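# Coordinate inspection notes
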Amino acid sequence: PRVPGGDEPHYLVITQSLLRDGDLAIEDNHRDRQYLAYFDGGLKPDFMRRGRDRQIYSIHAPGTSAVVLPAFALAGYAGAVLSVALIVAAGLAALWVAAYRLTRSTAGAWVSAGALMVAAPFVLMSFTIYPDLIGSAVVALALLALVTVDAGQAWSGRAWVAVGAALALLPWLHTRFAVTAAAFGAVLALRAWQTGRLAAVARPLPVPALAAAGWVGALLPLRWALALPGAAPW
């Protein structure tokens, strides 16, 4: 009965706004109390101030809301929870493979993935609608890509595109993840150049480049709309 709680309902309200209205303006969704489908009680919009267009925009980034949107559309809150759990599982699988490729030890891979699997953040957040564990799955995939480059192993073009798209998603989950995405991108490019595989890693570059441009392009108009000098809403 304690979930969804905290910021979870606010991420789901953004999902409902994207589904119903195709926008990020959430006032009408709160007014119609659409959150009653998964949250019992009143829920005030989580925002700083109205924009210049007099609309209310959430202070939370929309990446998590967009990630769970397909499952939410199919199965509501339960679908959103299941989608996060599956993403967490995929991230742990990527970590297992990365650890195995580093150590060539099945036991070592299980110890690495298992130590993380039973840690409090994973146990307590793997069924919640937050950006943190979705971001952890992306980081695990990027770590696997780095290990693959370091080992000089071949990866398909589609796999590299997936890595680029996953890293491009990070800033949309939370602004602080932009640093993580940039760091992994830089290290991957450096190691690819050092190992003579820069051409393969460069294939997915248009994906994160376009996503970064879109992210900045979304933040600046929203900052202007909210009239918050020197600070973006996310």
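Refer to the structure printed above.
Residues numbered from 1 in each chain as written. Predicted model: local features only at pLDDT ≥ 70, side-chain atom pairs only at ≥ 80, totals over all residues. Heavy atoms only, no water.

### Details of the overall build of the protein chain
Worth spelling out the cut-off: In this description a helix means any DSSP run of H or I spanning at least four residues, a strand means any run of E spanning at least two, and both kinds are numbered starting from the N terminus. Type-normalised accessible area, obtained with a 1.4 Å probe on protein chains alone, sets the label of each residue: buried when under 20%, exposed when over 50%, and partly exposed for intermediate values. Here, residues are in contact when the closest pair of their heavy atoms is within 4.5 Å. To be clear on the numbers: accessible area is Shrake-Rupley with a 1.4 Å probe, and residue cover counts the displayed protein chains and nothing else.
On a plain count of helices and strands, the protein chain comes out with eleven helices and zero strands. Out of the 234 residues belonging to the protein chain, those deemed buried represent 41%. Pairs at least 24 apart in sequence give 65% of the contacts found in the protein chain among residues at least 6 apart. Carbon and sulfur atoms form 67% of the exposed surface of the protein chain, whose accessible area is close to 11,600 Å².

### Thoughts on the pattern of salt bridges
For clarity, the cut-off: Throughout this description, the term salt bridge denotes a Lys or Arg side-chain nitrogen within 4 Å of a carboxyl oxygen of Asp or Glu.
By the definition in use, this model includes seven salt bridges. R50 serves as the salt-bridge partner of E27, at 2.7 Å between the closest nitrogen and oxygen. With E27 in helix 2 (residues 27-31) and R50 in the loop between helix 2 and helix 3 (63-67), this pair connects stretches of sequence that are 23 residues apart. By relative accessible area, E27 is classed as partly exposed at 25%. The class of R50 is partly exposed, set by a relative accessible area of 28%. Of the charged contacts, one joins D32 and R31 as a salt bridge, the two residues approaching to 4.0 Å between their closest N and O atoms. A residue is classified by how much of its surface remains accessible, and R31, at 55% relative accessible area, is exposed.

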